[in-house]
Amino acid sequence: MKRVLTITALAAGFALPVWAQHSEQELKEDIQRHRAMAAAHEAAAKCLEAGKGEKVCMAELQAACKGLAIGKYCGMRHVH
């Protein structure tokens, strides 16, 4: 019975979202990163709206995302 409870507890722990396993400080840092990624994408959208061209705007997005998230575009890239 003890083994079943242990396995159940472990399985429940693995089902928790990743942020539920972080410390309060790590959670705050994640929030800041998400806001920075959102700001980078908003800036890219405004750049495109301003007619600067996809190459220029994607280069600016890539620079804004450097060291911020996985991938060159803050984890997001369109299909085209």
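Here is a short report on the structure shown in this document. Computed from a predicted model, the values in this text were never measured in an experiment.

1. Quick notes on the overall build of the protein
Assigned secondary structure in the protein consists of 3 helices and 0 strands. Ordered by position from N to C terminus, the α and β elements of the protein give α-α-α. Buried residues in the protein amount to 15% of all 80 residues. Pairs at least 24 residues apart make up 34% of the contacts formed inside the protein by residues separated by at least 6 positions. Carbon and sulfur atoms form 62% of the exposed surface of the protein, whose accessible area is close to 6,700 Å².

2. Notes on the state of the cysteines
Applying the stated criterion across every chain yields a total of 2 disulfides. What pairs with C47 in a disulfide is C57, and their sulfur atoms sit 2.1 Å apart. Across the disulfide from C47 to C57, rotation about the S-S bond amounts to roughly -85 degrees, and the bridge is consequently left-handed. Placement of the pair is C47 in helix α2 (residues 24-49) and C57 in helix α3 (residues 54-65), with a sequence separation of 10 residues. Overall, C47 belongs to the buried group, its relative accessible area being 3%. Each disulfide pairs two cysteine sulfurs, and for C65 the partner residue is C74, the sulfurs being separated by 1.8 Å. Negative torsions about the S-S bond denote left-handed disulfides, and the value of about -110 degrees found for C65 with C74 makes this one left-handed. Each member of the pair, C65 as well as C74, is classed as buried. The cystine pairing of the protein, numbering bonded cysteines in sequence order, is 1-2, 3-4.

3. Here's the deal with the pattern of salt bridges
Counted under the stated rule, the structure contains 1 salt bridge. Taking the shortest distance from any N to any O, the salt bridge between R33 and D30 comes out at 2.4 Å. Taken together, the residues span about one helical turn, with R33 and D30 both in helix α2 at a distance of 3 residues. Residue R33 is classed as partly exposed on the basis of its relative accessible area of 34%.

Thresholds, definitions, all that
- Residues numbered from 1 in each chain as written.
- Predicted model: local features only at pLDDT ≥ 70, side-chain atom pairs only at ≥ 80, totals over all residues.
- Heavy atoms only, no water.
- Helix = DSSP H or I, 4+ residues; strand = E, 2+ residues; numbered from the N terminus.
- Buried < 20%, exposed > 50% of the residue type's maximum accessible area, 1.4 Å probe, protein only.
- Contact = heavy atoms within 4.5 Å.
- Areas by Shrake-Rupley, 256 points an atom, 1.4 Å probe, with all protein chains shown as cover.
- Disulfide = S-S within 2.5 Å.
- Salt bridge = Lys/Arg side-chain N within 4 Å of Asp/Glu carboxyl O.

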